[in-house]
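Structural overview for review
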Amino acid sequence: MGEKSGRAASGICATEATPRLRHVDPASRGVVVFDFDGTIADTSPSIVAVARHVLGAWGLPPERLADCPKLVGPPFPQAFSMVFGLSEADAREVTRRYRERYGALGPEAWPAFPGMGALLDELRASGRRLAVASSKRTALLRRALSDEGLLGRFDVVRGKESDAQQSKAATLAAVLDDLGAAAADAVMVGDRHFDVDAALACGVPCVGVTYGGTAPLGELEEAGAYVVVGSVEELGRALLGR
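Residues numbered from 1 in each chain as written. Predicted model: local features only at pLDDT ≥ 70, side-chain atom pairs only at ≥ 80, totals over all residues. Heavy atoms only, no water.

**Notes on empty space enclosed by the protein**
- Inspection of every chain in the model, using the stated rule, returns 1 cavity of 30 Å³ or more.
- By volume, the largest cavity is sized at about 290 Å³.
- If you go around the largest cavity, you meet 23 residues; those closest to its centre are Asp37, Pro74, Phe76, Ser135 and Lys136.
- Of all the elements in the fold, those that place two or more residues in the lining of the largest cavity are helix 4 (88–102), strand 2 (129–137) and helix 8 (193–201).
- Per-element accounting of the lining of the largest cavity gives the leading share, 4 residues, to strand 2.
- For the lining of the largest cavity, the residue count by class is 10 nonpolar, 3 polar and 10 charged. (1 Å grid on protein atoms, 1.4 Å probe; cavity = no way out; pocket = protein on both sides within 12 Å on 5 of 7 lines; lining within 4 Å. Points joined across faces, edges and corners; volume = space filled by probe spheres on them. Helix = DSSP H or I, 4+ residues; strand = E, 2+ residues; numbered from the N terminus. Nonpolar A, V, L, I, M, F, W, Y, C, P; charged D, E, K, R; others polar.)

**Quick word on the sheet that holds strand 1 (residues 31–34)**
- Taken in spatial order, the 6 strands make up an open sheet running 3-2-1-4-5-6, and their pairing is parallel. What marks the edges here is a single partner per strand, and that holds for strand 3 (156–160) and strand 6 (227–229). Here the strands of the sheet are splayed against their neighbours by 20 degrees on average, with no regard to which way each runs.
- As judged from the 4 bridges shared by strand 1 and strand 2, these two strands associate in the parallel manner. Bridge pairing in strand 2 places Val31 opposite Arg129.
- Across the sheet, helix 10 (residues 232–240) is in contact with strand 1, strand 4 (186–190), strand 5 (206–209) and strand 6; its angle to strand 6 comes to roughly 150 degrees. (Pairing = 2+ DSSP bridges. Axes fitted to C-alpha atoms, helices over the stretch in contact; angles between N-to-C directions. Contact = heavy atoms within 4.5 Å.)

Printed below as a string of structure tokens:
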């Protein structure tokens, strides 16, 4: 295991978003780590719908519910405090109600983006190792991937094990450790600045995706994404160098 991999294993990542990562070809990296929501699967509609229902019942006025799309990306329950200013206790209770409703949904809540399965197969055929690093709970993450027939494509799948505050960078570092991979051999794929921030903190370039419609215009570029793509097909070109 290389020096950078050792740093990842300890959960200690580089803090500087080094300019050199903006010039790394992602097609040269042997490990591809994907975010899930808005990257592998089109989960935004179901997340927003359930959040609107729960927060509306909680008493938030309709005009405030317009911010529900901002919940796609950051971890729960912290996201409810971040976006809506809920206290820690209230955020935990809203999260409990959210999960009760969201967990009762089926595969229609997390459909893979068209072409994603084929892309994963192409990446594996090219010799890449694949992983998922998500802020979703691990059990639900694995369930969703299984429902879409994608679970077997990934060497490592990591989400949240508890609601204790854990950064996306720490999750990514743990994924690299699980794989025994150096940051110098990895690329991240994600749809929000949280993914770019985590990747750069760990010394990994990030390919940003906008086909899920989750990131505000310019967010990924400003965060330091190596490149931003608008379709699964474009993602394939970026990752496979075709």
